[in-house]
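# Summary of structural features
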Amino acid sequence: MAPKRPPPKRRRTNVSDDEAPPPLPSTSPVKETEKEKEKGNSKEKGDKAPLVVFAHGAGAPSTSDWMVRWKEMIGEALEAVEVVTFDYPYISGAKRKAPPKAEKLVDHHLSVVRDTMAKHPGHPLVLMGKSMGSRVSCMVVGSDEIDVAAVVCLGYPIMGMNGAVRDETLIQLKVPTMFVQGSKDGLCPLDKLASTRKKMDCKNELHVIDGGDHSFKIGKKFLESSGKTQDQAEQAAVKAIADFISKSIEEN
């Protein structure tokens, strides 16, 4: 009689985690490399986003409705990394004072620019200002401490209180400069600005808001005759600013 064979060993079905084979990677090394490449491209694009320092005019702080609205429009149109607004010392205290000469505001303005650049290093710097803030911005551009890609002047007050043209700062500019002016702005007659622009060595452009005053406000009758709205006129100006800054950054 032949000997009995031993019974076959039963297969274990409850394999512990320690004994289980390592799981397959969810993504291949090639895909991981592609993701890293996409991340790098995104970062490169982000580094080109402009950084804007936006200064207010003589009579209203950075929290005014006008400044807040333009800050939002500019930030969205430029896809800016940040649009920084601030108040000059004379208007930020408990008791508002009369604005000093523009030259006396340069140091404070420059300190804001330096702090902003430290927060976002490597981004193209754009200085923008409303009226008096645009004059101070143009003065700050001349500092050796900063590298400015472009300056944008909203309602530049080229006429002084005595009626004389004050364009010395503009003539000295070396960076691309854009003016946005209302056609009915008494502080900047377009013929006076045209004469100054001819004397400027830097690249400069002008966008005119037809019928606009010093703050770009257009009268009701003018709007009705033109068939446009206030918002459409301002959005056209914002688009012109965005195009100008984009070109200036690419050429820098």
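Given the structure is predicted, the values throughout are model-derived calculations rather than measurements.

All right, on to the overall build of the protein chain then. On a plain count of helices and strands, the protein chain comes out with nine helices and six strands. Within the protein chain, buried positions represent 42% of all 252 residues. Just so you have it, the protein chain exposes about 15500 Å², and 52% of that area is on carbon and sulfur atoms.

Here we come to the packing of aromatic side chains. Taken as a whole, this structure holds six aromatic pairs when the rule is applied. For the pair Trp66 and Phe216, a centre-to-centre distance of 5.9 Å together with 50° between the ring planes defines the contact as tilted. Linking Trp66 in helix α2 (residues 65–78) with Phe216 in the loop between β6 (204–209) and α8 (220–226), this pair joins segments that are 150 residues apart in sequence. No difference in accessibility class separates Trp66 from Phe216, as the two residues are buried. An aromatic cluster is built from Trp66, Trp70 and Phe216, whose rings are joined through pairwise contacts. Of note, Lys130 hangs over the ring of Trp66, and the distance from its end group to the ring centre comes to 5.4 Å.

Attention now moves to the environment of Arg197. Within the secondary structure layout, Arg197 lies in helix α7 (residues 190–199). When its relative accessible area of 25% is taken as the criterion, Arg197 is described as partly exposed. A C-alpha to C-alpha distance of 8.2 Å links Arg197 and Leu170, two positions 27 residues apart in sequence. Discounting residues that sit within four places of it in the chain, Arg197 has contacts with Phe179, Asn204, Glu205 and Leu206. Looking at Arg197, its side chain comes within polar contact range of the side chain of Asn204, at 2.6 Å.

What follows deals with the nonpolar core. Among the nonpolar cores identified, the biggest contains 36 residues, and Tyr88, Leu127, Val136, Val140, Ile146 and Leu170 are the most heavily contacted of them. Elements that contribute at least two residues to this core include exactly β1 (51–55), β2 (82–86), α3 (89–92), α4 (106–119), β3 (125–130), α5 (132–140) and β4 (148–154). In terms of residues, this core owes the most to one element, α5, which gives five residues. Discounting residues that sit within four places of it in the chain, Leu127 has contacts with Val53, Val113, Ser137, Val140, Val141, Ile146, Val148, Ala150, Val151 and Val152.

This paragraph deals with the side chain of His123. Here His123 lies in the loop between α4 and β3. Overall, His123 belongs to the buried group, its relative accessible area being 17%. Not counting the four nearest positions on each side in its chain, His123 is found in contact with Gly46, Asp47, Ala49, Leu51 and Val81.

Of all nine residues in α5, nine are buried; the element is thus mostly enclosed. The secondary structure elements touched by the buried residues of α5 are β1, α3, α4, β3, β4 and α6 (168–171).

Below, the discussion takes up the confidence of the model for the protein chain. Fine structural detail should not be taken from predicted coordinates in areas where pLDDT scores are low. On average, residues of the protein chain carry a pLDDT of 86, and 82% of them reach 70 or more. Note that residues 8–45 has pLDDT below 50 and, in this model, four contacts with residues that lie over four places away or in other chains.

Taken together, the six strands give an open sheet; going across it, the order is β2-β1-β3-β4-β5-β6, and neighbouring strands pair in parallel fashion. The sheet is open, and its two edges are formed by β2 and β6, each paired on a single side. Shown here is a sheet whose adjacent strand axes are inclined to one another by a mean of 15°, direction ignored. Against the sheet, α4 contacts β1, β2 and β3, and its axis sits at roughly 155° relative to β1. Each of β1, β3 and β4 is contacted by α5, which is oriented at about 145° to β3, the strand it contacts most.

Here we take up the pairing of strand β5 (residues 177–182). Burial within β5 is extensive, with six of its six residues counted as buried. In β5, alternate side chains face the same way, and those of Thr177, Phe179 and Gln181 on one face and Met178, Val180 and Gly182 on the other are all buried. In this sheet, β5 lies alongside β4 in parallel orientation, the contact comprising four bridges. Each residue of the ladder has a partner; that of Val152, found in β5, is Met178. Both β5 and β6 contribute to a ladder of six bridges, which runs parallel. Within β6, the residue paired with Met178 across the bridge is Glu205.

Quick notes on the rules
- Residues numbered from 1 in each chain as written.
- Predicted model: local features only at pLDDT ≥ 70, side-chain atom pairs only at ≥ 80, totals over all residues.
- Heavy atoms only, no water.
- Helix = DSSP H or I, 4+ residues; strand = E, 2+ residues; numbered from the N terminus.
- Buried < 20%, exposed > 50% of the residue type's maximum accessible area, 1.4 Å probe, protein only.
- Areas by Shrake-Rupley, 256 points an atom, 1.4 Å probe, with all protein chains shown as cover.
- Phe/Tyr/Trp six-rings, centres within 6.5 Å; stacked < 30°, edge-to-face > 60°.
- Lys NZ or Arg CZ within 6 Å of the ring centre and 35° of its normal.
- Contact = heavy atoms within 4.5 Å.
- Polar contact = N/O pair within 3.5 Å; in protein donor to acceptor, adjacent residues only side chain to side chain.
- Core = buried A, V, L, I, M, F, W, Y, C linked by side-chain atoms within 4.5 Å.
- pLDDT = per-residue confidence, 0-100.
- Pairing = 2+ DSSP bridges.
- Axes fitted to C-alpha atoms, helices over the stretch in contact; angles between N-to-C directions.

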